[in-house]
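Structural overview
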Amino acid sequence: MVMLVLSTQEVDGYSSFVPTSQCSSMVPGHGTAGPSNPPYELLVDKQTYNAGEQITVTLQSTGLDTFKGFFIQARPVGQDQPVGTFTTINVNTTETVDCTPGTQNAIGHTKITGSTIEEKTAVSVFWTAPSVAVGDIQFRATVVKEYSTYWVNAVASPIITHPTATQGPTNVPIATGATTPSKVTMATDATTPSSSTAAPAEDPLGITTEGCGVTKGCYGVPDGCSPPNCDYLSTWVTDATGENVILEITGKTDGYVAIGFSHDLLMADDDIYECMRHPDGNIEVFSSYSTGHTRPTREATNSGVSNVEVAYSNGLLSCRFHRAVRQTARAGAGADQYFDLGNSSYHIFLAVGPTQVQSDGSVEILRHTSRAYSDQPVDVTSISLVATASTPLLVKLHAGLMMSAWMFTVSIGAVLARFYKPMWPNSTWCGVKIWFAVHRAVMTLTVLMAIAAFVLIFVFKEWTFVTGSNNTIHAVMGIIVTSLGVIQPFMALCRPGPEAPNRVVFNWFHWGFGTAARIMAIVVMFLGLGFPFLGLPAAATYVMAAWVAWQALSEIFLEQEANLKCCGQNKENEKASPDHDEIEMENKKGARSVDLNPEPKTSNPPGSAFKSGFLAVYLLVLTGFAAAMFTFIAML
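Here the structure is a predicted model, which is why all the values come from computation and not from measurement.

**Some thoughts on the sheet that holds strand β14 (residues 244–252)**
Here we have five strands laid out as an open sheet, ordered β12-β13-β14-β20-β19, and antiparallel in their pairing. In this open sheet, the two edge strands, each paired with only one partner strand, are β12 (217–221) and β19 (305–313). Going from strand to strand, the sheet's axes swing by 10 degrees on average, the running direction of each strand aside. Of the pairings in the sheet, the one linking β12 to strand β13 (residues 232–238) comprises five bridges and is antiparallel in character. Across the sheet, the residue bridging to cysteine 218 is threonine 235, located in β13.

So this is what it looks like as structure tokens:
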């Protein structure tokens, strides 16, 4: 239970107002970010402003969607400091926020005490410009549709200009000069791109998140990151002709970073673009495609790719290139995987990984070490902010069922069968001893959950086998563990009687198969926790390790329980007890028979009260560990 408490994160919920602590990030302290393209807009009644002038700002739905919460600020373009002063129109739905004490420079939702938050389709407020010029400004809003769905800083008004102010740069310069070849040689650890117009930034190619959701579309991992703190980032905007999408991708790798467009979330039959660094420092951009779950095939003529710029510095690999919105050049194999970006939306995949030099001297990409994908299809000819998709439900169910089976139920069944046979000698459930009734129930549940998890992950992978060393080990050992678990109940059906000479053989095989499955399951679970695409926190591994230690210590303690003075037992009495030889699983009388000649009741074994108390503690701690792991999985 202590581990469960330590594994949770603090969450601040403000159902009735917006806290000043969120002024900078504009991120609610609850739920998860919504999909791209929020169904809301910010409207203003003026396109220019002067010092002290008042503007009416309206946040409204673009369709039938309502919203409960909101947070609006006016910010100079390219900056994150709120300016001006807001005034409420309806005090029952809006409330000003002092991001700086006494300024009223932001505004958000409120509610009447004792009531529920009103669902709104529109809300209007007044904004008064500051007395000094701050340059062109833009209103930005975070909108909360409901507790678990919101869009962070994703709704923006048109830019409001100040006629006399000098406005700084508002977007990352995009090279639009003559077409360059797709292969560009760069010195390793070069610090600037070849273009002299690139704005200074910590990304080697000047890729930033300035203007995201306003002048260009963006998808970064983790959500809300800025280079160089993004694991990977992609931006997109159409050029002046509308015939090309200018794509930028950057990632923490010295191998490759790639972007893919897909009809689904399975990363198969996709349109892919690799930004790949050679061991000698050369960097290339390749137009590729995948057929099924295969390594991408490079298109020979690099169709649709032009205006390539590349750079690598301090572990960040970056590429910028034009991709034709529509094309007619690619033919034959791969033609179906060259998507028309102008007529449809696609899931965006981002991935990084290593490369490998082939025997012919070419360099190929290997399986990604990390990837992410958008939850919803994205139109890259429009501007949007894209949120990272959560872990697919089938993967969560697979992990949860396997954890339930091999961490929780199998542990209970093994402990009862090995250490609690002599307990409760005069009690039965369904005509069998209590220990056996519980053992049979939880082990049956273990097998059923393992089979269900096994089927679910194969359905998710479309019955294809995984590649990559850790993935393969996890899959192969998982198949072995599941097979051993399925064998156990069939082996139990062949169990000889307590006095049969082959009973000892059965005992050893039954124990051996079960113990092997438990040990291998632990290895499999640890491998699963380390998969990069899951993004589990390090605390999950610590909780799993703590559970393994607790389980091992509990079984060692119970194994030595007979030698502990507090238990009041000795080995001689233990041998004299028939319960410690072979415990009958059924009563000598039938479960429904009328016992006219009742046998004398067997006394509880010495130390039974202590063992019962320890069992209660063991189950409580085990439940805490399991609950902690379920929490981690649910947060994916």
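Resuming the write-up.
**Some words on the pattern of salt bridges**
For the structure on display, the rule yields eight salt bridges. Between aspartate 65 and lysine 145 there is a salt bridge, with its nearest N and O atoms 2.9 Å apart. With a gap of 80 residues between them, aspartate 65 in the loop between β3 (54–61) and β4 (69–76) and lysine 145 in strand β9 (residues 137–146) connect regions that are remote in the sequence. According to the relative accessible area criterion, aspartate 65 is partly exposed, its value standing at 24%. On the accessibility criterion, lysine 145 (29% relative accessible area) is partly exposed.

**Here's the deal with the environment of methionine 276**
As for its position among the elements, methionine 276 is in strand β16 (residues 271–277). Note: C-alpha distance between methionine 276 and valine 352 (76 residues apart in sequence) is 9.7 Å.

**Points about the state of the cysteines**
Two cysteines joined by a covalent bond between their sulfur atoms form a disulfide. Tallied over the entire structure, the rule returns four disulfides. For cysteine 275, the disulfide goes to cysteine 319, at an S-S distance of 1.9 Å. One quick way to see it: the torsion about the S-S bond of cysteine 275 and cysteine 319 is about 65 degrees, and its sign makes the bridge right-handed. Residue cysteine 275 is located in strand β16, and its partner cysteine 319 is located in strand β20 (residues 316–324); the two are separated by 44 residues in the primary sequence. The two residues cysteine 275 and cysteine 319 agree in class, both being buried. Across the chain, the way the bonded cysteines pair up, counted in sequence order, is 1-2, 3-4, 5-6, 7-8.

**Re the sheet that holds strand β5 (residues 85–87)**
Spatially, four strands are ordered β2-β3-β8-β5 in an open sheet, and the strand pairing comes out antiparallel. With partners counted over all chains shown, the strands left at the sheet margins are β2 (40–44) and β5, one partner each. With direction set aside, neighbouring strand axes in the sheet form an average angle of 30 degrees. Where β3 and strand β8 (residues 122–128) come together, seven bridges link them in antiparallel fashion. Considered in β8, the bridge of leucine 59 is made with valine 123.

**Quick notes on the nonpolar core**
Ranked by internal contacts, the top residues of the largest apolar core, which has 47 residues, are Met403, Trp406, Met407, Tyr420, Met544 and Met629. Among the elements of the structure, α2 (393–419), α3 (434–460), α4 (469–493), α5 (503–529), α6 (538–559) and α8 (608–634) are those that each provide at least two residues to this core. Top contributing element to this core by residue count: α2, with eleven residues. Leaving out residues up to four positions away in the same chain, methionine 629 has contacts with Met403, Met407, Leu529, Ala540, Val543 and Met544. Listed in part, the 34 residues of the second largest apolar core include Phe261, Val308, Leu341 and Tyr346.

Criteria and cut-off values
- Residues numbered from 1 in each chain as written.
- Predicted model: local features only at pLDDT ≥ 70, side-chain atom pairs only at ≥ 80, totals over all residues.
- Heavy atoms only, no water.
- Pairing = 2+ DSSP bridges.
- Helix = DSSP H or I, 4+ residues; strand = E, 2+ residues; numbered from the N terminus.
- Axes fitted to C-alpha atoms, helices over the stretch in contact; angles between N-to-C directions.
- Salt bridge = Lys/Arg side-chain N within 4 Å of Asp/Glu carboxyl O.
- Buried < 20%, exposed > 50% of the residue type's maximum accessible area, 1.4 Å probe, protein only.
- Disulfide = S-S within 2.5 Å.
- Core = buried A, V, L, I, M, F, W, Y, C linked by side-chain atoms within 4.5 Å.
- Contact = heavy atoms within 4.5 Å.

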